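Structural features, examined
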Amino acid sequence: DVNDNPPKFPQSVYQMSVSEAAVPGEEVGRVKAKDPDIGENGLVTYNIVDGDGMDLFEITTDYETQEGVVKLKKPVDFETKRAYSLKVEAANVHIDPKFISNGPFKDTVTVKIAVEDADEPPMFLAPSYIHEVQENAAAGTVVGRVHAKDPDAANSPIRYSIDRHTDLDRFFTINPEDGFIKTTKPLDREETAWLNISVFAAEIHNRHQEAKVPVAIRVLDVNDNAPKFAAPYEGFICESDQTKPLSNQPIVTISADDKDDTANGPRFIFSLPPEIIHNPNFTVRDNRDNTAGVYARRGGFSRQKQDLYLLPIVISDGGIPPMSSTNTLTIKVCGCDVHGALLSCNAEAYILNAGLSTGALIAILACIVILLVIVVLFVTLRRQKKEPLIVFEEEDVRENIITYDDEGGGEEDTEAFDIATLQNPDGINGFIPRKDIKPEYQYMPRPGLRPAPNSVDVDDFINTRIQEADNDPTAPPYDSIQIYGYEGRGSVAGSLSSLESATTDSDLDYDYLQNWGPRFKKLADLYGSKDTFDDDS
């Protein structure tokens, strides 16, 4: 085969379309010229040789299908131009010179491309916006405006909104209809000099079609901060006599700092307040470079007279209107050596060296401490002496009031009261029988009762108590053990213990217990005569 046939388009015009929403690189359509030759003789290449869309479209060759592929090179806009025309040429790649006389080995065709309308999102008139607003402006101050429009033929209305992720503090608000941005609160440039927000523009009828634009807002400075000391300055001056010449060196060099912008800050002016402009001790000299030096006006400073000076200094800025503040500089009078080096700025230490020594001070403090300790001990001892008296009196009152119904402590309990009163009723009248001798007064045995041998006053005492207890049904059984404990010294009755009586041979007659009532029936049964026991049984 030889290349003796040129490529031919089967039609003279190709119709294509592309959406205005298409992105560059997207395929628009294809064209194909036919060549009956085969192999290399049939290869065809395509080019755009003319047309009003040469800048917006391009064509490439697909060698597998021998087609020309028309692609979008740049975005198109339906509202700007709705149709484009291209002239496309197809030519053989390899031409055989022997057959040039057969005619040109190429062909052209017209490609017409129509732009289709698409629902596009709104477009802002600027890719970004920069607005300015003064700090401390009242809420509702207009910052600026953003503007967007619908590029479609329908020209739908636009609504504006602020992306709140970019305005967390909600400093701004926007009119949804006209795009005017306003402040919601006063702004502080010293806190934030630039604020960046984003604004959305969306179609009213289709909220999904929206655009976004960045808006930078610069906060303009206002002179609202007065200058202050750049650091907490402190000056030192050496003690000297009146005859020593004054030094030309400043005591301290000061500078200022202003939070405002440079337009409202430097240059700073340093001066003394008007009321002390003629200060006899110190003066301030402005260096005109935003610094100032503090100098002494006289000599003869002494720590004994005054060891500390407070010098007020007024600092003004160059803003409109100017702002000023009064700052206080501390100047200490110190002891120095012959070369002017500081030794000590402690006024107390200076005075003490001329008077008392350290040992004397320690001795004085020790004496003061000893006196304080003695006073504290004296007061403590006095309080301890007074407190026991009050406690004893309270205990006496408490022990003399016997209102409880507990059983007494027996004969051994003789601390709180006289037990003899309970043992012998005669003690109530003031007569207390002696316990170391036999009582002289003897009670006569009552008729019908057999008196016990060698009876003493205890017998009548017991009988009387028994009769009172038997005749008084309301009386509680107060016949406690101490009532029967008194037997007198040398009593022939011996012990009343049931344990001893059972094993002891006694000649005492206890038959009279039968007449003492039911309360003593058990004793009568235990100690009565055997004959009586037999009779009862």
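Residues numbered from 1 in each chain as written. Predicted model: local features only at pLDDT ≥ 70, side-chain atom pairs only at ≥ 80, totals over all residues. Heavy atoms only, no water.

Heads up, the rule is: UniProt positions are given in the numbering used here, feature names are shortened, and annotations may be inferred rather than shown by experiment.
Labelled according to an unreviewed UniProt entry, the chain appears under the name Cadherin 11, type 2, OB-cadherin (Osteoblast), originating from Neovison vison. UniProt annotates the chain under Subcellular location (unreviewed entry) with the comment "Cell membrane".

Looking at the nonpolar core
So the rule is basically this: Remark: nonpolar core denotes a set of buried residues (Ala, Val, Leu, Ile, Met, Phe, Trp, Tyr, Cys) joined through side-chain atoms within 4.5 Å. Burial here depends on accessible area, computed with a 1.4 Å probe over protein chains only, as a share of the maximum for the residue type. Under 20% is buried, over 50% is exposed, and the range in between is partly exposed. Counting from the N terminus, the helices are DSSP H or I runs at least four residues long and the strands are E runs at least two residues long.
Ranked by size, the top nonpolar core spans 26 residues in total, and within it Val18, Val31, Tyr46, Phe57, Val111 and Ile113 carry the most contacts. Mapped by element, the contributors of at least two residues to this core are strand 1 (13-19), strand 2 (27-31), strand 3 (44-51), strand 4 (57-62), strand 5 (67-72), strand 6 (83-92) and strand 7 (106-116). Within the second largest apolar cluster, 24 residues are counted, among which are Phe124, Phe172, Ile181 and Val219.

Re helix 4 (residues 457-471)
An α-helix turns once per 3.6 residues; consequently, residues spaced three or four apart project the same way. To keep it simple, the criterion reads: A helix is expected to span 1.5 Å for every residue after the first.
Here helix 4 spans 21 Å end to end across 15 residues, near enough to the 21 Å set by a 1.5 Å rise per residue. Among the residues of helix 4, those classed as buried are Asp457, Val458, Asp460, Phe461, Ile462, Asn463 and Ile466.

Here we look at the side chain of Asp258
To keep things clear, this is the line we draw: Only four residue types enter the charge count: Lys and Arg as positive, Asp and Glu as negative, with His and the chain ends excluded. Within this document, salt bridges are pairs made up of a side-chain nitrogen of Lys or Arg and a carboxyl oxygen of Asp or Glu, the two lying within 4 Å of each other. Between N or O atoms, a polar contact is any pair within 3.5 Å; within protein, one atom must be a potential hydrogen donor and the other a potential acceptor, and residues adjacent in sequence are included only when both atoms are from side chains. Residue contacts are defined here by distance: any two heavy atoms, one from each residue, within 4.5 Å place the two residues in contact.
Within the element layout of this structure, Asp258 appears in the loop between strand 19 (252-257) and strand 20 (269-271). Despite its burial, Asp258 pairs with no opposite charge; the closest candidate is Arg189, at 7.3 Å N-O. Of note is the side chain of Asp258, whose polar atom sits 3.0 Å from the backbone nitrogen of Asp260. Among all residues touching Asp258, those that are not within four sequence positions of it are Asn225, Ala226, Pro227, Asn264, Gly265, Phe268 and Asp317.

Focus: the pairing of strand 5
Stated precisely, the cut-off is as follows: DSSP bridges decide pairing: two strands pair if at least two such bridges lie between them.
Where strand 2 lies against strand 5, four bridges are found, and the strand directions are antiparallel. Each residue of the ladder has a partner; that of Val31, found in strand 5, is Gly68. When strand 4 meets strand 5, the two strands line up antiparallel, connected through six bridges. Residue Thr60 lies in a different strand from strand 5, and its bridge partner there is Val69.

Some words on the environment of Phe9
Topologically, Phe9 is positioned in the segment before strand 1. When its relative accessible area of 9% is taken as the criterion, Phe9 is described as buried. The sequence separation of Phe9 and Thr108 amounts to 99 residues, and the corresponding C-alpha distance is 7.3 Å. Look past the residues within four positions of Phe9 in its chain and what remains in contact with it is Tyr14, Val31, Lys32, Ala33, Tyr46, Val88, Ala90, Asp107, Thr108 and Val109.

Thoughts on the state of the cysteines
Filter applied, for reference: Two cysteine sulfur atoms make up a disulfide if the distance between them is within 2.5 Å.
Considering all chains together, one arrives at two disulfides under this definition. Disulfide pairing places Cys238 opposite Cys336 at an S-S distance of 1.9 Å. Between Cys238 and Cys336, the S-S torsion sits near -85°, and that sign places the bridge as left-handed. With a gap of 98 residues between them, Cys238 in strand 18 (residues 234-238) and Cys336 in strand 24 (residues 324-336) connect regions that are remote in the sequence.

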